[in-house]
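Next come the chains, spelled out residue by residue.
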Amino acid sequence: MARHHAVVTIGRKSGAYLLTGSVGLLSDALESLVNLVAAVLALVALKVAARPADDTHHYGHGKAESFSAGGEGVMIFVAALLIIMSAIQRLLHPQPLEELGVGLLITFAATAVNGVVGYLVLRAGRTHRSITLVADGKHLLTDVWTSVGVIVGVGLVAVTGWVPLDSLVAIGVAVNILWTGYGLVRHSLDGLMDHALPKSEEGQVLDVLTSIAAQHPAGELAFHAIQTREAGRERFVSMHVLVPGDWTVMQGHDLLEQVEEAVTAVLPDVHVHTHLEPREDPRAYEEPGGGLVITSGDQ
């Protein structure tokens, strides 16, 4: 559906450009072309990311979505450069615009449909924690605001007759989508670099662990090396759980089950990794690469 919509949108906007000769409308059509390629990339990335863990990818394939979002950002940069080149060429060699009223009407209709589709895709991406769908939805909505700016700018050309404004509108479009491309590339790099969970989600994890620690005597229980990360839609939380050395295996196991269930209750589908250690062993306090610490009695 999204790909069919993109093809129709490109056809409409390209028709508007050919009808009017407006480089501003050309910039709008080029961005929609990028949307089509991005939709294909998104489909491939989602299929790869949905694959379960296997013998060579023990943590799944979630990072495939980060590659897709990064690729979309790069395509935006290329489209922006093409727009700027076309706009400068038109500034140097101005041409009269024709049939602006019809061209603007066609672009407005395509923009309205884009807005609805973009909103639905973005909502689905946030619901399913898909970086690819979020990137695609944001790109579609950016296309909407771009189109609104183009419609206003080209409309002013029709009213004032000042043709260079058409090229200036196109350059403004290019700058706007360059900023969007930068945001997508930065976000995809965060995913590839195993960025920590957002502060709000990390805070939920700490609240849960603090609550469990409060149920034990001071100094009896500690959580060390509390670390979080996300890879695409996948979320991970790991920690060392320090307990008295004379606890039975069953006591330690029950505590770890309680911890894992409590964390997944506030962050559904999160992967929780726990490591049980005796609190009397000095090696238990050697934290690997940092992490947060919570100890019973610190509340």
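Just so it is clear, the structure is predicted and the values come from calculations on it, not from any experiment.

Asks: Break down the packing of aromatic side chains for me, with residues and values.
Replies: The final tally for this structure, using the stated rule, is 0 aromatic pairs. For Arg229, the ring lying beneath its charged end belongs to Phe236, and the centroid distance is 4.0 Å.

Asks: Can you tell me about the pattern of salt bridges, naming the residues and giving the values?
Replies: Summed over the entire model, instances satisfying the criterion amount to 3 salt bridges. In this structure, Lys199 engages Glu202 in a salt bridge whose closest nitrogen and oxygen atoms are separated by 3.8 Å. Highlighted residues: Lys199 and Glu202, both in helix H7 (residues 199–213), separated by 3 residues, approximately one helical turn. Accessibility expressed as a relative area gives 15% for Glu202, which makes it buried. A salt bridge links Asp281 to Arg283; the shortest N-O distance between them is 2.9 Å. The exposure class of Arg283 is exposed, given its relative accessible area of 58%.

Asks: Tell me what's going on with the pairing of strand S1 (residues 222–231), and back it up with residues and numbers.
Replies: A regular strand places its side chains on the two faces of the sheet in alternate fashion. Of all the 10 residues making up S1, 8 are buried; the element is thus mostly covered by neighbouring parts of the structure. Summarising the sheet, S1 and strand S2 (residues 234–243) pair through 8 bridges and their orientation is antiparallel. The residue bridging Phe223 from the neighbouring strand is Val241, located in S2.

Asks: Hey, could you go over the environment of Leu122 for me, with residue numbers and the actual values?
Replies: Position of Leu122 relative to the elements: it lies in helix H4 (residues 100–127). For Leu122, a relative accessible area of 9% puts it in the buried group. Separated by 12 residues in sequence, Leu122 and Val134 place their C-alpha atoms 4.9 Å apart. Once residues lying within four places of it in the same chain are set aside, the contact partners of Leu122 are Leu133, Val134, Gly137, Lys138 and Leu141.

Asks: I'd like a rundown of H7, residues and numbers included.
Replies: Counted at 1.5 Å a residue, the expected span for H7 with its 15 residues is 21 Å, and the 21 Å between its end C-alpha atoms agrees. Among all positions of H7, only Glu201, Glu202, Val205, Val208, Leu209, Ile212 and Ala213 are buried. Taken down its axis, H7 places every buried residue within 140 degrees of arc, on the same side. Opposite the buried face of H7, by more than 90 degrees, sit the exposed residues Lys199, Ser200 and Asp207.

Thresholds applied
- Residues numbered from 1 in each chain as written.
- Predicted model: local features only at pLDDT ≥ 70, side-chain atom pairs only at ≥ 80, totals over all residues.
- Heavy atoms only, no water.
- Phe/Tyr/Trp six-rings, centres within 6.5 Å; stacked < 30°, edge-to-face > 60°.
- Lys NZ or Arg CZ within 6 Å of the ring centre and 35° of its normal.
- Salt bridge = Lys/Arg side-chain N within 4 Å of Asp/Glu carboxyl O.
- Helix = DSSP H or I, 4+ residues; strand = E, 2+ residues; numbered from the N terminus.
- Buried < 20%, exposed > 50% of the residue type's maximum accessible area, 1.4 Å probe, protein only.
- Pairing = 2+ DSSP bridges.
- Contact = heavy atoms within 4.5 Å.
- Expected span 1.5 Å × (residues − 1).
- Arc of directions from axis to C-beta.

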